[in-house]
Amino acid sequence: MPQFEAGTFDCIVIGAGHAGAEAAYASAKMGASTLVLTMNLDMIAFMPCNPSLGGPAKGIVVREIDALGGVMAKVIDKTHIQMRLLNTGKGPAVRALRAQADKVLYQQEMKRILEEEPNMTLRQAVVEKLIVEDDEIKGVVTQIGAIFRAKTVIITTGTFLRGEVIIGDLKYSSGPNNQMPSIKLAEHLQELGLQTVRFKTGTPPRINSNTIDYSKTEIQPGDDVPRSFSYETTEFITDQLPCWLTYTTPETHEIINENLHLSPMYSGMIKGKGPSYCPSIEDKIVRFADKSRHQIFLEPEGRNTREVYVQGLSTSLPEHIQHRLIASVPGLEKAEMMRAGYAIEYDSIIATQLWPTLETKKIKNLYTAGQINGTSGYEEAAAQGLMAGINAACNVLGKEEVVLGRSDAYIGVLIDDLVTKGTSEPYRLLTSRAEYRLLLRHDNADMRLTEIGYQNGMISEERHTKFLAKKAQIDAEIDHLRKVTVKPTEEIQEIIAAVNGTALREPMKAADLLKRPEMKYSELCKVVPPLEEINEEVAEQVEIFIKYEGYIEKSMQQVARMKKMENKRIPENIDYDAISGIAKEAKANLKEVQPLSIAQASRISGVNPADISILLVYIEQGKIAKVSG
Amino acid sequence: MHFDTIAAISTPMGEGAIAIVRLSGDDAWKIADRIFQSPAAKPLCEQPSHTIHYGHLHDPATEELVEEVMVSIMKAPKTFTREDIVEINCHGGITSVNRVLQLVLTEGARLAEPGEFTKRAFLNGRIDLSQAEAVMDLIRAKTDKAMNVALNQMEGKLSHLIGELRQALLETLAQVEVNIDYPEYDDVEEVTIPLMIEKGTWVKNEIDELLRTSSQGKILREGLSTVIVGRPNVGKSSLLNSLVQENKAIVTDVAGTTRDIIEEYVNVRGVPLRLVDTAGIRETEDIVERIGVERSRKVLKEADLILLMVNSSEALTDEDERLFEAVAGMDMLVIVNKTDLPTKIDLERVYEVAGRDRVITTSILQEQGITELEEAIAALFFEGSLESNDLTYVSNARHISLLKQARNTIDDAVQAAQVGVPIDMIQIDVTRTWEILGEIIGDTVQDSLIKELFSKFCLGK
Ligand SMILES: Cc1cc2nc3c(=O)[nH]c(=O)nc-3n(C[C@H](O)[C@H](O)[C@H](O)COP(=O)(O)OP(=O)(O)OC[C@H]3O[C@@H](n4cnc5c(N)ncnc54)[C@H](O)[C@@H]3O)c2cc1C
Ligand SMILES: Nc1nc2c(ncn2[C@@H]2O[C@H](COP(=O)(O)OP(=O)(O)O)[C@@H](O)[C@H]2O)c(=O)[nH]1
Ligand SMILES: [Mg+2]
């Protein structure tokens, strides 16, 4: 194949899934000339699995993406069919939004946004090779021999690398949803010395809505209150579609047990490691044999389609067994299967080969983001894409790189986990992975990250001004409540009695009264009206801040302790072999991960406190040597 | 550089009568002031640096008098660590030194890691480069040793108990996490506030019980109970006197010392011993029979270590052999005394009946073999062969301070639950309790929660 020069850019993004779209948007927005090369332009931001975004932890990530100036939140705000705020009965730290997406509209909207972006070039192409000189990326070569040159390249090829689809005993080379797999690129990455592992994931069958008897299921409507992920959204979708809930039956379980030998999971055909948090129905029934039924959620895939996603029935059993499984579920007796469920195996890169900027250690200016890094999920992919895009652009523009800490954002937790610990199965964010989740809330994502987005040119002046005003309003109102004294008037006693509180005996600071668990800010406002009119978002943050001040304080102290260690940088050229006393396993892992700070080092598995002490001493020694020399 | 305040006993255990608890860090003087009262009634913070003060320590929580002490205060930077330093000199031996240490830990100091004072001295530029390597070796060596001891303790009751508490917490945590991360799954029962209160209170009570028994723990309070047995005139009293003379006896106010039994408190190479000479009782009676009786009595039943003594200058008697049988199965050292006299005893037979227990030959008269005996006792203890019933001596100060922290955090959780704070807030303290307990047994891996989550509950699409 003859090769030809096809153009030069600041940044090339390979792939336009959730990671690629976000990466390209960020890099272009920041002012880097950006080229997106993707296999199929009709498949931008395609959702090969759940037509749904958000949920605990993930929903907060979407908010964080928005606060940093990313696009995912804005797109879903425009294209969802249903939205719900989850965990409202619990504390503020774990509230999260979830949306059901109109799959096709979502893709179209994302494509439109990318097309509108001034510094962006979209091109349909299959990348087969990277141009690497002196361990530095220079560009890419496509299937037809086009050479695109660039200062930075971001690979976001998801589950395509040597993808193999498995249904029963059928196994064939393929990307998700029968798209082309990326075999040449996968081989090339290995030749370049990037280490990969084989992971696996799966998806349930889709059925035709017209053939579902919904009377046998329970309806799951969206919230009545209009909601949005983005802080900028002003128009809300009111016309929502419901989801539906049904259950597996003893018959379902019987069918599975009888046909287990046909499942590629159990026949040994699948070797890739699947995620334990997304078990197939086979897995669930084998591992939790004593459970008599499992929930099945029926989720419409969009407004202009009758396809319904059968959440809970992920399987790679042969297609004829899948038919029987579906028919064994109440409401689905006559359901018509439109697509069979399947499992997919693919290569992913061992993420400890990356710096926290998502740049590869091996090849300078090459970044990877998304499922290729061993994660799973649209939000996880988008978050990495955004950070890789920002960092690639910073790199090109000579700006300081952006690395979020574990106390800054779930995104920080995600990337730190990946590059520090790696992962032995597809990685999904969970609230329990965040040690400071009280600080990483749904409501305060803007407070945490807007400034960073603004400094990098991802947030408009107008939005920034609004943000500052909101912040000032929150501070002023908190201050106000701390100063104002509430006297035991009849009015307040009535309010207190209404929430079953103990009556006031003496005057009390409004803030202290609000700290009572049963007291609501909205009630308190009746006697202590805000300084100026405030919206619900402001009220929410004021209430949370005052009510949970003690807990927030505790978390902040924890963060302060960690930050000290975070600020102790490890010199880049440190020679771990030269340090006597560090245990063997610790040494090996330190060499692999090459942590940037003492705090990061302490999170590496196999590195214990004694090793850290020795490392500290060694580093200080170096410092002193420098000063005296 | 800025560090927190650390504390440790800085005189080697067992050496000399005075032990020093040293504090180093920004809060050293402040912590000392909270527990120190002097006749001058002037706070230490207002005293000049590098001065020594006489006074009393008291426990601010109970207002109880703890110790009569001399306190030296030194202001940074002219100190060993280049930080503020306080040295509390106590003359009370192991029991009181431990109490003082615990007191400063409760008041906010953190127990120093092995070699940490030296490390700080280095980090703050007090020691020069050439010493750095040595410091590293020191840290490694000491940590490893401490870890070995710790590991041995881990097989014991404490780790088992802590393991149970952690498991209970972990299960509750996992369930709360599932409720949070998978709110739509109806098959996972919501963790209710009453359940949280019930579990939390249970854990708190268990920790309280642990703390109660640990502060009465006989090792801490009384030392390892060590009983010397043997026929009359083999030299038991002589051994006791010799150990006491060599190692300054610990003055104690422990009640319940029986008139029949002679007890002395000594500190042998860092191991606190309560030596019991059974020969204080009527010598004329059949000693084996007496042992039989005593075995069912407290002294022998609670003995952590038996020193069985035989006479080298006499043949092994039937009575000696029956003595061996009477104490079979207990931790024991066999002492063949009076080696200065012509040997009549069948040593091979002694080794045979001693089995796996160590045999040490001594002449108390000529002060021979006593060093070996002391080393053997220390070795048994530090290698963990000696099991004590409660918290072990080596790291108990650390354990106790961690247990106190755990008790406080779980108490916070329970109280918060009682006033209706949302469950995921309460969870912060429950998680912290779980982590602190993990520190005691050296296990705080975050991932175990996530593993628990997915092995216990059926989740996912
Ligand atoms: C069958 C299946 C089941 C899944 N199940 C779950 C689940 O249960 N839970 C969950 O959280 N997530 C699941 N996912 C994962 C989720 O879909 C992905 O995490 C997410 O889409 C990853 O985004 P990405 O941008 O990294 O990759 P993708 O969205 O896969 O995008 C990859 C992009 O790269 C392009 N590309 C690939 N190779 C080349 C090349 N050589 N040249 C040019 N372009 C290329 C593709 O065309 C595509 O645009 C599943 C995915 C699949 C396929
Ligand atoms: N020769 C010799 N005599 C000893 C030795 N140890 C103790 N004795 C003497 O043995 C006698 C009995 O000692 P004592 O300690 O009272 O024995 P007990 O009855 O076992 O307590 C005393 O006269 C001691 O001086 C020793 O090692 N060598
Ligand atoms: Mg005697």
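Residues numbered from 1 in each chain as written. Chains lettered and ligands numbered in written order. Predicted model: local features only at pLDDT ≥ 70, side-chain atom pairs only at ≥ 80, totals over all residues. Heavy atoms only, no water.

Q: I'd like a description of the overall build of chain B, backed by residues and values.
A: A count of helices and strands for chain B gives 16 helices and 13 strands. The 461 residues of chain B split such that 54% are buried. For chain B, the accessible surface area stands at approximately 20300 Å², while carbon and sulfur atoms represent 50% of it. (Helix = DSSP H or I, 4+ residues; strand = E, 2+ residues; numbered from the N terminus. Buried < 20%, exposed > 50% of the residue type's maximum accessible area, 1.4 Å probe, protein only. Areas by Shrake-Rupley, 256 points an atom, 1.4 Å probe, with all protein chains shown as cover.)

Q: Give me the overall build of chain A: which residues, what numbers.
A: When its secondary structure is counted, chain A shows 21 helices and 22 strands. At 26 Å, chain A has a C-alpha radius of gyration in line with the 25 Å of a compact globule built from 629 residues. For chain A, the proportion of its 629 residues judged to be buried stands at 61%. Sequence-distant contacts, at least 24 apart, represent 74% of the contacts inside chain A between residues at least 6 apart. Surface accessibility of chain A: about 24600 Å² in total, with carbon and sulfur atoms responsible for 50%. Seen as two clouds, the 73 positive and the 83 negative side-chain charges of chain A have centres 3 Å apart. (Rg over C-alpha atoms; globule rule 2.2 N^0.38 Å. Contact = heavy atoms within 4.5 Å. Lys, Arg positive; Asp, Glu negative; His and termini not counted. Charge placed at Lys NZ, Arg CZ, Asp CG, Glu CD.)

Q: Give me the lowdown on the environment of I604(A), citing residues and values where you can.
A: Residue and element names in this part refer to chain A. Within the element layout of this structure, I604 appears in the loop between α20 (598–603) and α21 (609–628). Residue I604 is classed as buried on the basis of its relative accessible area, which comes to 4%. Linking I604 and T420, residues 184 residues apart in sequence, is a C-alpha distance of 5.9 Å.

Q: So, the pattern of salt bridges: which residues are in play, and what are the values?
A: If you walk through the whole model with that rule in mind, you get 59 salt bridges over all chains. Across the pair E136(A) and K138(A) runs a salt bridge, and its minimum N-O distance is 3.7 Å. On the basis of relative accessible area, K138(A) is assigned to the partly exposed category, the value being 28%. A salt bridge links R407(B) to D208(B), with the nearest nitrogen and oxygen atoms 2.9 Å apart. On the criterion of sequence distance, the pair formed by R407(B) in helix α14 (residues 396–418) and D208(B) in helix α6 (residues 193–215) is long-range, its members being 199 residues apart. (Salt bridge = Lys/Arg side-chain N within 4 Å of Asp/Glu carboxyl O.)

Q: An account of the environment of N98(B) is requested, with residue identities and associated values reported.
A: Structurally, N98(B) is set in helix α2 (residues 93–106). Each C-alpha atom, one on N98(B) and one on V21(B), is 8.9 Å from the other, the two residues being 77 residues apart in sequence.

Q: Could you give an account of the sheet that holds strand β5 (residues 64–74) of chain B, naming the residues involved and the relevant values?
A: All names here are of chain B. Across the sheet, seven strands lie side by side as β3-β4-β5-β6-β2-β1-β7; this open sheet has mixed pairing. Two strands in the sheet have a free side with no partner beyond their single neighbour: β3 (36–37) and β7 (110–111). As defined by bridge partners, strand β1 (residues 6–9) adjoins β7 across two bridges and the pair is classed as parallel. If you follow I6 over to β7, its bridge partner there is R110. (Pairing = 2+ DSSP bridges.)

Q: Give me the lowdown on the site of ligand 2, citing residues and values where you can.
A: Residue and element names in this part refer to chain B. Not every one of the 16 residues close to ligand 2 is listed here, only the nearest: N233, S237, S238, D340 and I364. Between ligand 2 and the protein, one listed contact pairs an oxygen atom with a backbone N or O atom of K236 at 2.9 Å. Separating an oxygen atom of ligand 2 from a side-chain N or O atom of S238 is a distance of 2.6 Å. About the coverage of ligand 2: the protein hides 75% of its 580 Å² of free accessible area. In terms of residue count, the dominant contributor to the shell around ligand 2 is helix α8 (residues 236–246) (three residues). Classifying every residue of the shell around ligand 2 gives five nonpolar, six polar and five charged. (Near = heavy atom within 4 Å. Polar contact = N/O pair within 3.5 Å; in protein donor to acceptor, adjacent residues only side chain to side chain. Nonpolar A, V, L, I, M, F, W, Y, C, P; charged D, E, K, R; others polar.)

Q: I'd like a description of the sheet that holds strand β5 (residues 96–101) of chain A, backed by residues and values.
A: All names here are of chain A. With antiparallel pairing, the three strands of this open sheet are ordered in space as β3-β5-β4. In the strand order of this sheet, the two ends are held by β3 (52–54) and β4 (80–86), each with one partner. Within this sheet the neighbouring strands show an average axis-to-axis angle of 15°, counted without direction. The pairing of β4 with β5 spans six bridges and is classified as antiparallel. Paired with H80 across the bridge in β5 is A101. (Axes fitted to C-alpha atoms, helices over the stretch in contact; angles between N-to-C directions.)

Q: Got a sec to walk through the packing of helix α1 (residues 18–29) of chain A against helix α4 (residues 103–116) of chain A? Specific residues and values, please.
A: Two numbers describe a pair of packed helices, the interaxial angle and the distance between the axes. Residue and element names in this part refer to chain A. Interhelical geometry of α1 versus α4 gives an angle of 25° and a closest axis separation of 10 Å. One way to sum up the angle between α1 and α4 is to call them roughly parallel. In this structure, α1 crosses over α4, and the sense of that crossing is left-handed. On α4, the residues touching H18, A21 and Y25 of α1 are Y106, M110, I113 and L114. The class makeup of the residues in the contact of α1 with α4 is six nonpolar, one polar and no charged. (Parallel < 35°, antiparallel > 145°, perpendicular 65-115°, else oblique. Left-handed = near helix turned anticlockwise from the far one by under 90°.)

Q: Can you lay out the nonpolar core for me, pointing to particular residues and giving the numbers?
A: If you look at the biggest cluster of nonpolar residues, it comprises 77 residues, and the most contacted ones within it are Y106(A), I154(A) and I411(A). If you tally residues by element for this core, the top one is helix α10 (residues 378–397) of chain A, at 11 residues. Beyond its immediate sequence surroundings of up to four residues, Y106(A) is in contact with H18(A), A45(A), M47(A), L53(A), M72(A), V75(A), I76(A) and T79(A). Within the second largest apolar cluster, 44 residues are counted, among which are Y551(A), I197(B), A416(B) and I440(B). (Core = buried A, V, L, I, M, F, W, Y, C linked by side-chain atoms within 4.5 Å.)

Q: Explain a nonpolar patch on the surface residue by residue, including any values.
A: Together, M1(A), F4(A) and I144(A) make up an exposed nonpolar region whose accessible area comes to about 360 Å². With relative accessibility at 71%, the residue M1(A) sits in the exposed group. (Patch = residues over 30% accessible without salt bridge, like charges linked within 9 Å, V, L, I, M, F, W, Y side chains within 5 Å.)

Q: Give a detailed account of the state of the cysteines, specifying residues and quantitative values.
A: Residue and element names in this part refer to chain A. Under the defined criterion, the tally for this structure stands at zero disulfides over all chains. C394 forms no disulfide, and the closest cysteine sulfur to it belongs to C11, at a distance of 11 Å. For C394, a relative accessible area of 1% translates into the label buried. (Disulfide = S-S within 2.5 Å.)

Q: Give me the lowdown on α10(A), citing residues and values where you can.
A: Its 20 residues place the ends of α10(A) 28 Å apart at the C-alpha level, agreeing with the 28 Å of an ideal helix rising 1.5 Å per residue. After α10(A) finishes, the residue G398(A) shows a positive phi value of roughly 70°. (Expected span 1.5 Å × (residues − 1).)

Q: I'd like a description of the confidence of the model for chain A, backed by residues and values.
A: For chain A, mean pLDDT is 92; residues scoring 70 or higher make up 97% of the total. Overall, residues 624–629 of chain A carries pLDDT values under 50, and its contacts beyond four positions in sequence, including any with other chains, amount to two contacts. (pLDDT = per-residue confidence, 0-100.)

Q: Mind laying out the packing of aromatic side chains, listing which residues take part and the relevant values?
A: Residue and element names in this part refer to chain A. For the coordinates displayed, the defined rule picks out two aromatic pairs over all chains. Ring centres of F9 and F148 lie 6.5 Å apart, and the angle between their planes is 50°; on these two criteria the pair is classed as tilted. Here F9 is found in strand β1 (residues 4–14), whereas its partner F148 is found in strand β9 (residues 146–155), with 139 residues between them in sequence. Here F9 matches F148 in class, with each residue buried. Where Y214 meets W244, the ring centres are 4.5 Å apart and the plane angle is 35°; that geometry is what we call tilted. (Phe/Tyr/Trp six-rings, centres within 6.5 Å; stacked < 30°, edge-to-face > 60°.)

Q: Can you break down the confidence of the model for chain B residue by residue, with the values?
A: Residue and element names in this part refer to chain B. Residue-level pLDDT values for chain B average 74, and 66% of them are 70 or greater. Looking at the elements of chain B, mean pLDDT is at its lowest for helix α7 (residues 218–222), recorded as 42, and at its highest for strand β12 (residues 332–337), recorded as 95. Predicted confidence is poor over residues 215–221, with pLDDT under 50, and the contacts of this stretch with residues over four places away or in other chains come to 23 contacts. Note that residues 387–395 has pLDDT below 50 and, in this model, 31 contacts with residues that lie over four places away or in other chains. Here the predicted complex scores 0.75 on pTM and 0.74 on ipTM.

Q: Quick one: what's the story with the pairing of β5(A), residue by residue and with numbers?
A: Buried residues dominate β5(A), accounting for six of its six residues. On β5(A), burial covers both faces: A96(A), R98(A) and Q100(A) on one face and L97(A), A99(A) and A101(A) on the other are all buried.

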